[in-house]
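# Structural overview
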Amino acid sequence: GTGSPSQSKSGAASGAARSGGARSAAKDDGLNDGQKLVKKFVQRMVKGRELNMLSKVGGAVECLVHLDRELKNIYIQRAGKKDAKKRAVPLGSVQEICVGVDVVEEVELAVDDMSVTLMLEEGQAIAFRLNDEEDRDTFALCMGMFVDGNRKEKERKARKK
């Protein structure tokens with residue numbers, strides 16, 4: 001038989017990740033494009049990045065958003081305010097991730113093509129506006145993976161009880 005390389009489960013993710021032109025000559029650490037994309041996203045999110053969070057009254061608020069290293073919570077804090085309260089959102093509590101204007105009617109946020117909405121329990125929602133389509137799709141893809149991982153773990157723990 002021919003030794004074809006085994007297809008990893010994240011094969012779908014690599015299709016979504018469009019490589020941006022010039023390939024870096026850096027040594028390949030054995031990760032496919034999808035995995036590299038996720039790794040870069042995690043590094044950026046653990047450091048924290050400023051994102052516009054859509055507000056119910058319209059418009060957007062600059063927030064510092066970051067993930068904990070365990071990829072269990074996303075933390076949101078008003079940018080530019082030293083004593084701003086930090087809100088922790090457990091990724092396991094995210095019910096659904098909506099991209100663009102494709103959200104349920106109950107969401108009272110001015111979502112647009114560049115937004116990603118995290119649907120939470122009790123009909124709450126948090127929406128972020130991203131810079132461009134690639135950024136938006138990467139954010140939605142990676143957050144979706146982490147949310148799934150947390151939900152599966154939550155279900156496993158629930159079954160053990």
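Going by the structure above, here's the rest.
Residues numbered from 1 in each chain as written. Predicted model: local features only at pLDDT ≥ 70, side-chain atom pairs only at ≥ 80, totals over all residues. Heavy atoms only, no water.

## Some thoughts on the layout of surface pockets
When its volume is computed, the second largest pocket comes out at roughly 380 Å³. If you list the elements that add at least two residues to the lining of the second largest pocket, you get β1 (49-54), β2 (60-67), β3 (73-78) and β7 (125-129). (1 Å grid on protein atoms, 1.4 Å probe; cavity = no way out; pocket = protein on both sides within 12 Å on 5 of 7 lines; lining within 4 Å. Points joined across faces, edges and corners; volume = space filled by probe spheres on them. Helix = DSSP H or I, 4+ residues; strand = E, 2+ residues; numbered from the N terminus.)

## A look at a negative patch on the surface
Taken together, Asp113, Asp132, Glu133 and Glu134 make up a surface patch of like negative charges. Of note, Glu134 is situated in helix α3 (residues 133-160). (Patch = residues over 30% accessible without salt bridge, like charges linked within 9 Å, V, L, I, M, F, W, Y side chains within 5 Å. Areas by Shrake-Rupley, 256 points an atom, 1.4 Å probe, with all protein chains shown as cover. Salt bridge = Lys/Arg side-chain N within 4 Å of Asp/Glu carboxyl O. Lys, Arg positive; Asp, Glu negative; His and termini not counted. Charge placed at Lys NZ, Arg CZ, Asp CG, Glu CD.)

## Some thoughts on α3
An ideal rise of 1.5 Å per residue puts 40 Å on 28 residues; α3 measures up with 41 Å between its terminal C-alpha atoms. When we look at burial in α3, the residues that qualify are Asp135, Arg136, Thr138, Phe139, Ala140, Cys142, Met143, Gly144, Phe146, Val147 and Asn150. You can read the cap of α3 off the contacts: a side-chain oxygen lies 3.1 Å from the backbone nitrogen of Glu134, and it is on Asp132. (Expected span 1.5 Å × (residues − 1). Buried < 20%, exposed > 50% of the residue type's maximum accessible area, 1.4 Å probe, protein only. Polar contact = N/O pair within 3.5 Å; in protein donor to acceptor, adjacent residues only side chain to side chain.)

## Quick notes on the packing of aromatic side chains
Tallied over the full model, the rule gives three aromatic pairs. Measuring from ring centre to ring centre gives 5.8 Å for Phe41 and Phe139, while their planes differ by 75°; the resulting arrangement is edge-to-face. You can see Phe41 sitting in helix α2 (residues 33-47) and its partner Phe139 sitting in helix α3, a full 98 residues away along the chain. Relative accessible area serves as the criterion here: at 0%, Phe139 is assigned to the buried category. Each ring, one from Phe41 and one from Phe146, has its centre 6.2 Å from the other, and the planes form 35°; the classification is tilted. Placement of the pair is Phe41 in helix α2 and Phe146 in helix α3, with a sequence separation of 105 residues. You'll find Phe41 and Phe146 in the same group, each marked buried. An aromatic cluster is built from Phe41, Phe128, Phe139 and Phe146, whose rings are joined through pairwise contacts. (Phe/Tyr/Trp six-rings, centres within 6.5 Å; stacked < 30°, edge-to-face > 60°.)

## Points about α2
Its 15 residues place the ends of α2 21 Å apart at the C-alpha level, agreeing with the 21 Å of an ideal helix rising 1.5 Å per residue. Within α2 the residues assigned to the buried category are Gly34, Leu37, Val38, Phe41, Val42, Met45 and Val46. Taken end-on, α2 shows its buried residues confined to a sector of 155°, consistent with a single buried face. Exposed positions of α2 whose direction lies more than 90 degrees from the buried face are Lys40 and Lys47. Two to three positions downstream of the cap, the backbone nitrogen of Gly34 sits 2.9 Å from a side-chain oxygen, assigning the N-cap of α2 to Asn32. One or two positions beyond α2, positive phi appears at Gly48, with a value near 105°. (Arc of directions from axis to C-beta.)

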